[in-house]
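One letter stands for each residue in the lines below.
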Amino acid sequence: MADKEGFSDKLKGAVSKGKGELKDQVGNATDNPDLQAEGKSDKAKGKVQDTVGKFKEGFNKDK
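Reference entry: report on the structure contained in this document. Just so it is clear, the model here is predicted, and its values are computed rather than measured.

Thresholds, definitions, all that
Residues numbered from 1 in each chain as written. Predicted model: local features only at pLDDT ≥ 70, side-chain atom pairs only at ≥ 80, totals over all residues. Heavy atoms only, no water. Helix = DSSP H or I, 4+ residues; strand = E, 2+ residues; numbered from the N terminus. Rg over C-alpha atoms; globule rule 2.2 N^0.38 Å. Buried < 20%, exposed > 50% of the residue type's maximum accessible area, 1.4 Å probe, protein only. Contact = heavy atoms within 4.5 Å. Areas by Shrake-Rupley, 256 points an atom, 1.4 Å probe, with all protein chains shown as cover. Lys, Arg positive; Asp, Glu negative; His and termini not counted. Charge placed at Lys NZ, Arg CZ, Asp CG, Glu CD. Salt bridge = Lys/Arg side-chain N within 4 Å of Asp/Glu carboxyl O.

Right, let's talk about the overall build of the chain for a bit. For the chain, the count of helices and strands is two helices and zero strands. In summary, the chain has a C-alpha radius of gyration of 14 Å against a globular reference of 11 Å for 63 residues, an excess of more than 25%. If one aligns the C-alpha atoms of the chain with their principal axes, the spans along those axes are about 50 × 10 × 10 Å. A total of 63 residues make up the chain; the buried ones form 27% of that total. Partitioning the contacts of the chain with sequence separation of at least 6, the portion at a separation of at least 24 is 63%. Accessible area of the chain: about 4,500 Å², with a carbon and sulfur share of 58%. Separation of charge centres in the chain, based on 14 positive and 12 negative side chains, amounts to 4 Å.

What follows concerns the environment of Phe59. Mapped onto the secondary structure, Phe59 falls in helix α2 (residues 33-61). Along the primary structure Phe59 and Gly6 are separated by 53 residues, whereas in three dimensions their C-alpha atoms are 9.5 Å apart.

Let us now look at the pattern of salt bridges. If you walk through the whole model with that rule in mind, you get nine salt bridges. Here Lys17 makes a salt bridge to Asp50, at a shortest N to O gap of 3.8 Å. Of this pair, Lys17 sits in helix α1 (residues 2-29) while Asp50 is found in helix α2, placing the two residues 33 residues apart along the sequence. By relative accessible area, Lys17 is classed as partly exposed at 29%. When the shortest N-O distance is used, the salt bridge between Lys40 and Asp24 registers 3.4 Å. Highlighted residues: Lys40 in helix α2 and Asp24 in helix α1, separated in sequence by 16 residues. By relative accessible area, Lys40 is classed as partly exposed at 47%. Several salt bridges converge on common partners, so that one network encompasses Glu21, Asp24, Lys40 and Lys43.

Summarising the element assignment, Asp42 is placed in helix α2. Take Asp42: its relative accessible area is 12%, and that puts it in the buried class.

This next bit is on unusual backbone geometry. Glycine aside, negative phi is the norm for most residues, and most peptide bonds take the trans geometry. Even without glycine at this site, Asp31 takes up a positive phi of about 55°. Considering the arrangement of structural elements, one finds Asp31 in the loop between α1 and α2. When its relative accessible area of 66% is taken as the criterion, Asp31 is described as exposed.

Geometric descriptors of this kind do not, in isolation, establish any biological role.
What follows is the structure in structure tokens.
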């Protein structure tokens, strides 16, 4: 079950990073700094989620 939690976090991270990249690009194209900032925030959140998922997977392999 713990391995699935790590995978889940990594999947959430990938979705957040993708969503953030889309918002960032749309904000750039429409000259909307608020949307760009929201996109950058989502990308950062995704990186954290991905890191947490990798940590959980690595931690559970040692058990």
